[in-house]
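Residue-level structural notes
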Amino acid sequence: MGYKIAVLGATGNVGQEMLSILAERAFPADEVVALASRRSQGTEVSYGDRTLKVKTLDTYDFKGTDICLMATTGAMSAEWAPKIAAKGCVVIDNSSRWRMDADVPLIVPEVNAAAIAGYTKKNIIANPNCSTAQMVVALKPLHDAAGIRRVVVSTYQSVSGAGKEAMDELFTQTRAIFVNDALVNENFTKQIAFNVIPHIDDFMEDGQTKEEWKMTVETKKILDPKIKVTATCVRVPVFVGHSEAINIEFERPISDEEAREILREAPGCLVVDKHEDGGYVTPIECVGDYATYISRIRVDPTVENGLNIWVVSDNLRKGAALNAVQIAEILGARYLKKAA
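Parameters at a glance
- Residues numbered from 1 in each chain as written.
- Predicted model: local features only at pLDDT ≥ 70, side-chain atom pairs only at ≥ 80, totals over all residues.
- Heavy atoms only, no water.
- Axes fitted to C-alpha atoms, helices over the stretch in contact; angles between N-to-C directions.
- Helix = DSSP H or I, 4+ residues; strand = E, 2+ residues; numbered from the N terminus.
- Parallel < 35°, antiparallel > 145°, perpendicular 65-115°, else oblique.
- Left-handed = near helix turned anticlockwise from the far one by under 90°.
- Contact = heavy atoms within 4.5 Å.
- Nonpolar A, V, L, I, M, F, W, Y, C, P; charged D, E, K, R; others polar.
- Salt bridge = Lys/Arg side-chain N within 4 Å of Asp/Glu carboxyl O.
- Patch = residues over 30% accessible without salt bridge, like charges linked within 9 Å, V, L, I, M, F, W, Y side chains within 5 Å.
- Areas by Shrake-Rupley, 256 points an atom, 1.4 Å probe, with all protein chains shown as cover.
- Pairing = 2+ DSSP bridges.
- Phe/Tyr/Trp six-rings, centres within 6.5 Å; stacked < 30°, edge-to-face > 60°.
- Lys NZ or Arg CZ within 6 Å of the ring centre and 35° of its normal.

**Some thoughts on the packing of helix H4 (residues 130-146) against helix H6 (residues 210-222)**
At their nearest, the axes of H4 and H6 sit 9 Å apart, and the two run at 40° to each other. By the criterion of interaxial angle, the relationship of H4 to H6 is oblique. Regarding H4 and H6, the two cross each other, and that crossing is right-handed. Residues Ser131, Thr132, Met135 and Val136 of H4 lie in contact with H6, whose contacting residues are Glu211, Lys214, Met215, Glu218, Thr219 and Ile222. The residue inventory of the contact of H4 with H6, partitioned by class, reads four nonpolar, three polar and three charged.

**Some points on the pattern of salt bridges**
With the rule as written, the count across this model stands at 21 salt bridges. As a salt-bridge pair, aspartate 144 and lysine 140 come within 3.2 Å of each other at their nearest N and O atoms. Taken together, the positions of aspartate 144 and lysine 140, both in helix H4 and four residues apart, correspond to about one turn of that helix. Here arginine 260 makes a salt bridge to glutamate 257, at a shortest N to O gap of 2.7 Å. Taken together, the residues arginine 260 and glutamate 257, both in helix H7 (residues 256-265) and three residues apart, mark about one turn of the helix. Taken together, the shared-partner salt bridges in this structure form one network comprising Asp256, Glu257, Arg260 and Asp273.

**Observations concerning a nonpolar patch on the surface**
There is a patch of nonpolar side chains on the surface, built from Ile177, Phe178, Val179, Leu183 and Phe194 and spanning about 510 Å² of accessible area. As for its placement among the helices and strands, phenylalanine 178 is situated in helix H5 (residues 164-179).

**As for the sheet that holds strand E13 (residues 292-300)**
The strand order across the open sheet formed by six strands is E10-E9-E11-E14-E13-E12, and the pairing between neighbours is mixed. The sheet terminates laterally at strand E10 (228-235) and strand E12 (269-271), the two strands that pair on one side only. Strand after strand, the sheet turns through a mean of 25° between neighbouring axes, direction not considered. Set on the sheet, H7 makes contact with E12, E13 and strand E14 (306-313); between it and E13 the angle comes to about 165°.

**Overview of the packing of aromatic side chains**
Under the definition given, this model contains five aromatic pairs. On the basis of an interplanar angle of 65° and a centroid distance of 6.0 Å, the ring pair of tyrosine 119 and tyrosine 335 is categorised as edge-to-face. Highlighted residues: tyrosine 119 in the loop between helix H3 (109-112) and strand E8 (124-126) and tyrosine 335 in helix H9 (residues 317-336), separated in sequence by 216 residues. When the ring centre of tryptophan 80 is taken as origin, the NZ or CZ atom of lysine 83, which lies over that ring, is 4.6 Å away.

This is the structure in structure tokens:
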């Protein structure tokens, strides 16, 4: 007997990826329900080779539903996640609403799968920020080997992280430049086409943005509270795929060759690191893939026990949908144990 799964936010970028990955990985579901707000009722979405009609959240009864994958706003999650969880349905939430709640586990399966056991406190599990997820996948095996003291990360984040409307804006602005039309900024503070914007999410009192703050506090919760993290998060004119330049200081010596071998064996990691033209991975090559790609592994001679790495991943997959489905797989196999 399989599970009954609901995907809330099924018409959005991440929701559609969740449905796609559930089908690709043959998740043991007897029934998959696509949910969204009332305005999307009746819309058709793909689930493998099947088509699902979207049902409205307002009228759906979660009783008997085992897992709900939520790909909604933080405000909607704040309202609905506790209601859904109270029906006995475990919520795996992709928004930022529950990530720093002490009673909600924040999970990247390759890093802290054992923490999933804490879901029983609120029946909610949080998915991390997309840029945090890929970073900690790469950092975990290195931390185990040499102990990470400090991380300095600069991100190059694709517009899909801001939603479908943001992707449309990049497309329309790019086209407008070529045909000499007026440019309109609706989703970004400045022109995104042929530009980079060092501003993701709201500014905080100390001058960092909330996206940068998320990377700091989430890394500490997932990996190790003692690690110092500082981030600069930048939006770039790429449709899908986040990239990160990461500088790491370790407690113990580690060479680039050691790091390369460790990462080659690490779960979720794929090393592509040749010292030649094209011997590294860019966002275009990671789209549609599950792996977190790591390139440009090299010693930083300016600090004691320092390394630089380049990390690229499909933010709609490992940064969101895939991570949620992996959590659901572990939840089912270890804790719910309903499927045959």
